[in-house]
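Letter by letter, the chains look like this.
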Amino acid sequence: MYTIVKKERLNPTVTKMVVLAPKVAKKAKAGQFIILRVHENGERIPLTIADYDRVNGTVTIIYQIVGKTTMLLNQLKEQESILDFVGPLGKPSNIEGLKNVCVIGGGVGCAIAYPTAKALHEQGSNVTVISGFRNKDLVILQKEFEQVSDHSYLVSDDGSTGKKGLVTDVLKELIEQGSQFDEVIAIGPLIMMKFVCQMTKQYNIKTTVSMNPIMIDGTGMCGGCRLSVGGKTCFACVDGPDFDGNLVDFDEAISRGATYKDFEQKEREATCNLLQKEA
Ligand SMILES: Cc1cc2nc3c(=O)[nH]c(=O)nc-3n(C[C@H](O)[C@H](O)[C@H](O)COP(=O)(O)OP(=O)(O)OC[C@H]3O[C@@H](n4cnc5c(N)ncnc54)[C@H](O)[C@@H]3O)c2cc1C
Ligand code: FES
């Protein structure tokens, strides 16, 4: 059992939890994830290691409440426990030697982008962060990004905070003003990552994306997380989750991501009803 040491609401749908998991904390690196199970009959869901503290043996996760399991996870209080918390899984982000990097986070993707920006900053890279949200109520991690970046830009779809527009608008402006990025690292909705890659391809900038397909076992055995990358089949849980964005077949990933939409919707409604009855 893994004790929840701290729980904090970052916005109405996003929560941060600090979990006591010393063995995971000891080995965790930026870009890796854990798979958790809330209770014995629960499904396994992957969440990125947003931060870790090797001294105190804790791992931080930041999750958006989107469906059954994240709703159930969010019912747990400080000092209560999560049944399984397996990791670190996946390959760490390959950031060695990068000097000038633009890290882009979209929505809750910022939780995945943050540890990478932090690791880049700690190794002395020049870090530019562009974070984008639908509106001001959904903004997370701005103070944290400012602490680990040399330049930080905030955009929102409706202009209610930061500059009105998309992350790609800022990226284009920076490139056209002469920013020479060795690499762009983009993490967020598939459609955002697809458009970032289309833009960076025009400027010949290497772009890494973090892919979040449905995962079941997280060990390369079930095939649930398969993706086409450069015409080859890859498994995001063991070959990724980071991939060369210019090689990823985003259209296939978007279509595969929608496979269980109806089932997920039913489970979400049933869980909502159950939690309302219990309240
Ligand atoms: C490597 C990786 C890292 C991730 N990191 C984060 C993170 O740090 N924060 C965060 O909020 N979310 C993260 N996700 C997405 C997170 O796993 C899903 O939001 C979660 O599984 C939703 O489960 P649910 O039962 O609450 O929702 P459901 O209603 O079951 O699903 C809602 C949506 O979540 C996704 N999803 C559902 N089940 C899975 C699954 N087993 N594996 C992957 N995706 C699933 C699907 O896109 C689905 O349409 C990550 C996914 C992957 C693959
Ligand atoms: S989650 Fe099963 S192969 Fe990746």
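On a predicted model such as this, the values are computed, not experimentally measured, just so you know.

Enquirer: With reference to specific residues and values, describe the domain arrangement of the protein chain.
Expert: Here the domain parsing of the protein chain yields domain 1 (2-89) and domain 2 (100-210). Computed over C-alpha atoms only, the centres of domain 1 and domain 2 are separated by 24 Å. In this complex, domain 1 contributes 12 residues to the contact, which on the side of domain 2 involves 12 residues. For the side of domain 1 that touches domain 2, the secondary structure elements donating two or more residues are strand S1 (2-11) and strand S6 (58-64).

Enquirer: Quick one: what's the story with helix H2 (residues 68-75), residue by residue and with numbers?
Expert: Helical geometry: 3.6 residues make up each α-helical turn, so side chains three or four residues apart lie on a common side. Taken together, the buried positions of H2 are occupied by Lys68, Thr69 and Leu73. The arc that holds every buried residue of H2, seen down its axis, measures 130°, which confines them to one face.

Enquirer: I'd like to hear about the site of ligand 1, residue by residue, with values.
Expert: Inspection of the region around ligand 1 gives 25 residues, with Thr48, Gly67, Thr69, Thr70 and Glu264 positioned closest. Counting residues per element, the ones that place at least two in the shell around ligand 1 are strand S4 (45-48), S6, H2, helix H3 (109-122) and helix H9 (261-278). Looking at the shell around ligand 1 element by element, the count peaks at 4 residues for S4. Here the shell around ligand 1 is built from residues that sort into 14 nonpolar, 7 polar and 4 charged. A domain-level breakdown of the shell around ligand 1 finds at least three residues from each of domain 1 (2-89) and domain 2 (100-210).

Enquirer: Residue-level account of the packing of helix H5 (residues 167-176) against helix H6 (residues 190-202), with values.
Expert: At a closest axis distance of 10 Å, the pairing of H5 and H6 adopts a crossing angle of 20°. It follows that H5 is roughly parallel to H6 by the angle criterion. Considering only the axes of H5 and H6, their crossing is right-handed. Along the contact surface, H5 presents Val167, Thr168, Leu171 and Lys172, while H6 presents Met192, Phe195, Val196 and Met199.

Enquirer: An account of unusual backbone geometry is requested, with residue identities and associated values reported.
Expert: Gly87 connects to Pro88 through a cis peptide bond whose omega is -5°. Topologically, Pro88 is positioned in strand S8 (residues 84-89). Cis rather than trans, the peptide bond between Gly240 and Pro241 has omega equal to 15°. At Gln79, a position not held by glycine, the phi torsion is positive, near 80°.

Enquirer: Which residues make up the pairing of strand S9 (residues 100-106), and what are the values?
Expert: Where burial is concerned, most of S9 is hidden: 6 out of the 7 residues are buried. Across 7 bridges, S9 lies against strand S10 (residues 126-133) in parallel orientation. Looking across to S10, one finds that Val101 is bridged to Val127. Crossover S9 to S10 through H3 is right-handed. Pairing analysis gives 5 bridges linking S9 to strand S13 (residues 183-187), with the strands arranged parallel. Following the sheet pairing, Gly105 is matched in S13 by Ile187.

Criteria and cut-off values
Residue positions are given per chain, counting from 1 as you read along its sequence in written order. Chain A is the first chain written and ligand 1 is the first ligand written, with later ones labelled in order. Residues qualify for local features only when their pLDDT is at least 70, as the model is predicted, and side-chain atom pairs are given and counted only at 80 or more; totals for whole chains, interfaces and linings, by contrast, use all residues. All the domain ranges listed were derived from an automatic or database domain assignment. A pair of residues counts as a contact when their C-beta atoms, built from backbone coordinates, are within 7 Å of each other. Think of it this way: any DSSP run of H or I at least four residues long counts as a helix, any run of E at least two long counts as a strand, and we number them from the N terminus. Exposure criterion: with C-beta atoms placed from backbone coordinates, a residue whose C-beta has 20 or more other C-beta atoms within 10 Å is buried, one with 12 or fewer is exposed, and one in between is partly exposed. Starting at the helix axis, one direction is taken to each C-beta atom, and the arc is that of these directions. In this analysis, residues qualify as near a molecule or strand once their C-beta atom, positioned from backbone atoms, comes within 6 Å of it. Lys, Arg, Asp and Glu make up the charged group, whereas Ala, Val, Leu, Ile, Met, Phe, Trp, Tyr, Cys and Pro make up the nonpolar group; the residues left over, Gly among them, are polar. Helix axes are fitted only over the stretch in contact, all axes being lines through C-alpha atoms; the angle between N-to-C directions runs from 0 to 180 degrees. Roughly parallel here means an angle under 35 degrees, roughly antiparallel means over 145, roughly perpendicular means 65 to 115, and every remaining angle is called oblique. Crossing handedness is read from the near helix: turned anticlockwise from the far helix by less than a right angle, it gives a left-handed crossing, and turned clockwise, a right-handed one. Two strands pair under a simple rule: DSSP has to find at least two bridges between them. By convention, a crossover is right-handed whenever its connection, traced from the first strand over the helix to the second and viewed with the strands pointing away, goes clockwise.

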